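Descriptive structure summary
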Amino acid sequence: MSVHIASTTAPVNIATLKYWGKRDTALNLPTNSSISVTLAQEDLRTLTSAATSASFERDTLWLNGKEESLDNKRTQDCLQDLRDLRRALEEQDKSLEPLSQWKLHIASENNFPTAAGLASSAAGFAALVVAIAKLYQLPQDMSALSKVARKGSGSACRSLFGGFVAWEMGEQADGSDSQAVQVLPLDKWPEMKAAILVVSDAKKDTSSTSGMQRTVHTSDLFKERVDTVVPRRFNEMKEAIVQRDFPRFAELTMRDSNSFHATCLDSYPPIFYLNDTSRKIIRLVDGINAFYNETIVAYTFDAGPNAVLYYEEKNEQKLFAFLYHLLSGVDGWKSKYGDEQLKAFSDAFSE
Ligand code: ADP
Ligand code: DP6
Ligand code: CO
């Protein structure tokens, strides 16, 4: 009996304007539009293979070598949508094999910490949807598939595009206009780089899904954020990206990370994603920008303590000179530069 297989990788995306809050939990519709940068494929990514055969007896998902339950409604919704799209093809072309009726075996692996605030659900569900769409040979474009990925995890819709991506919240109750679109491809701003500082690879104690609902229901600050602050910032940030205005992009990114974590703290009971090391990194970034009297680096933190720094490649040495001071003594510290070279950067800027 024949087995059909397809594989894909999907990169992580890290929001610079955060999605935090759902207006519809069943369809994963957000309370605000958001913006992110998709990292390069060779950095943080999920690799997913999907197979289907008439002989398979049940759907299975293996995540990082362990079988995961497929009971959760959001994964089921994604699989259902993909099967519906495939069924429509089979109805048009009777010569196609009935893949929509067969069970699926899915194997997925993240090359970075899962559920630690580094957007594993984003890369994970993007890869799941694209792998199965490939397996089913679906003709839908990425924006259409982004609506399916969105149902798995909201942030996943943005990982279907490279570069700078917006998730437009949409207005429709059925979610038909809540999808991702590309704002700018990375090759239009190739200088943009991200450095990931893994503060902790431990699984977070409050998942994004439950954390954001607590914020929606209990935070007073949150109302101001979604009604006033984010809609304004959404347009400003898109403009800064299109104009490749790094200082403006950086300031908006840092302010939005601060605003998001403030609503977490304003939730009741409060949610703490940042830790002392995260706060040290915030102070360091402020210090670096003050030292050079120019905004050359931005920090942002998702729902976890790990930092993502955005900077332009021309400033890499200026940034790493400072990171060296903070991190060279830390266990597990590694960078693409050797310690010697970092020390040389550092000495060059320490006069
Ligand atoms: P993160 O900050 O890493 O996105 P979340 O709390 O949003 O954390 O989501 C973590 C959950 O996403 C995991 O517990 C798992 O259910 C799901 N997930 C992560 N990676 C994958 C993957 N490769 N395939 C399918 N689901 C995944
Ligand atoms: C802080 O997309 O992980 O990373 O839709 O419930 O799966 P679910 O949540 P998720 O939330 C991401 C929150 C964030 C900000 C962002 O990525 O925009
Ligand atoms: Co997530």
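Residues numbered from 1 in each chain as written. Chains lettered and ligands numbered in written order. Predicted model: local features only at pLDDT ≥ 70, side-chain atom pairs only at ≥ 80, totals over all residues.

Where an unreviewed UniProt entry is consulted, the protein appears under the name Diphosphomevalonate decarboxylase, with the organism given as Maudiozyma humilis. Under the heading Pathway (unreviewed entry), UniProt records this for the protein: "Isoprenoid biosynthesis; isopentenyl diphosphate biosynthesis via mevalonate pathway; isopentenyl diphosphate from (R)-mevalonate: step 3/3." (UniProt positions renumbered as here; feature names shortened; annotations may be inferred.)

Turning our attention to the overall build of the protein. Each helix and strand counted, the protein has nine helices and 14 strands in total. By the compact-globule yardstick of 20 Å for 351 residues, the protein fits well, its C-alpha radius of gyration being 21 Å. Across its three principal axes, the protein shows a C-alpha extent of roughly 75 × 45 × 40 Å. In the protein, which comprises 351 residues, the proportion classed as buried is 42%. Looking at the protein alone, contacts between residues at least 24 apart form 71% of all its contacts between residues at least 6 apart. (Helix = DSSP H or I, 4+ residues; strand = E, 2+ residues; numbered from the N terminus. Rg over C-alpha atoms; globule rule 2.2 N^0.38 Å. Buried ≥ 20, exposed ≤ 12 C-beta atoms within 10 Å, placed from the backbone. Contact = placed C-beta atoms within 7 Å.)

The next point concerns the site of ligand 1. Residues in close proximity to ligand 1 total 21 residues, the closest being S120, S121, G124, S207 and S208. When residues of the shell around ligand 1 are traced back to their parent elements, those giving at least two are β9 (103-110) and α2 (120-135). At five residues, α2 tops the list of elements feeding residues into the shell around ligand 1. By residue class, the composition of the shell around ligand 1 is eight nonpolar, 12 polar and one charged. (Near = placed C-beta within 6 Å. Nonpolar A, V, L, I, M, F, W, Y, C, P; charged D, E, K, R; others polar.)

Here the protein shows a mean pLDDT of 94. Residues at 70 or above account for 97%. With a pTM of 0.95, the predicted complex shows an ipTM of 0.99. (pLDDT = per-residue confidence, 0-100.)

This part is about the sheet that holds strand β10 (residues 163-168). Spatially, the four strands line up as an open sheet ordered β2-β5-β10-β11, and their pairing is antiparallel. With partners counted over all chains shown, the strands left at the sheet margins are β2 (13-17) and β11 (179-184), one partner each. Averaged over all pairs of adjacent strands, the angle between their axes in this sheet comes to 35°, without regard to strand direction. Sheet analysis places β2 next to strand β5 (residues 34-38), joined by four bridges and oriented antiparallel. (Pairing = 2+ DSSP bridges. Axes fitted to C-alpha atoms, helices over the stretch in contact; angles between N-to-C directions.)

Neighbouring residues of ligand 2: 15 residues in total, closest A15, S153, G154, S155 and T209. Of the residues contributing to the shell around ligand 2, the split by class is five nonpolar, eight polar and two charged.

Next up on the list: the sheet that holds strand β6 (residues 45-53). The five strands are arranged β1-β6-β9-β7-β8 in an open sheet whose pairing can be described as mixed. A strand with exactly one partner marks an edge of an open sheet, and here the two such strands are β1 (3-11) and β8 (66-68). Taken pair by pair, the neighbouring strands of this sheet meet at an average axis angle of 20°, ignoring direction. Relative to β9, strand β7 (residues 60-63) runs parallel, the two sharing four bridges. Bridging across to β9, L61 finds its partner in I106.

This part is about the nonpolar core. Of all hydrophobic cores here, the largest spans 89 residues; its most connected members are A126, V129, V130, I132, A149, V297 and L309. Looking at this core element by element, the count peaks at 12 residues for α2. Aside from chain neighbours lying at most four places away, what touches V129 is C78, L82, L145, V148, A149 and G152. (Core = buried A, V, L, I, M, F, W, Y, C linked by C-beta atoms within 7 Å.)

So, about the pairing of β7. In the sheet, β7 pairs with β8 via three bridges, with the strands oriented antiparallel. Among the inter-strand pairings, L61 is bridged to a residue of β8, identified as E68. Between the end of β7 and the start of β8, which pair antiparallel, lie two residues, with N64 showing a positive phi angle near 50°.

Interhelical geometry of helix α5 (residues 221-242) versus helix α6 (residues 246-265) gives an angle of 160° and a closest axis separation of 10 Å. With respect to α6, the axis of α5 lies roughly antiparallel. Crossing angle aside, the handedness with which α5 passes α6 is left-handed. Within the contact between the two elements, α5 uses L221, F222, R225, V229, R233, E236, M237, A240 and I241 and α6 uses R248, F249, L252, D256, S259, A262 and T263. Here the contact of α5 with α6 is built from residues that sort into nine nonpolar, two polar and five charged. (Parallel < 35°, antiparallel > 145°, perpendicular 65-115°, else oblique. Left-handed = near helix turned anticlockwise from the far one by under 90°.)

Moving on, we get to the packing of helix α7 (residues 276-292) against helix α8 (residues 316-327). Axis separation between α7 and α8 bottoms out at 11 Å; the angle between their running directions is 135°. In this view, α7 runs oblique relative to α8, as classed from their interaxial angle. The interaxial crossing formed by α7 with α8 has right-handed handedness. Judged by residue contacts, L284, I288 and Y292 of α7 engage K318, L319, F322 and L326 from α8. Considering only residue class, the contact of α7 with α8 consists of six nonpolar, no polar and one charged.

Glancing now at α7. In a regular helix each residue adds 1.5 Å, so 17 residues correspond to 24 Å; α7 covers 25 Å between its end C-alpha atoms and thus fits that length. For α7, every residue scored as buried is listed here: S278, I281, L284, V285 and I288. In a view along the axis of α7, the buried residues occupy a sector of 115°, so they form one face of it. Facing away from the buried surface of α7 by more than 90 degrees, the exposed residues are D276, R279, R283, G287 and A290. On the buried face of α7, the contacting elements are β12 (192-197), β13 (297-301), β14 (307-312) and α8. (Expected span 1.5 Å × (residues − 1). Arc of directions from axis to C-beta.)

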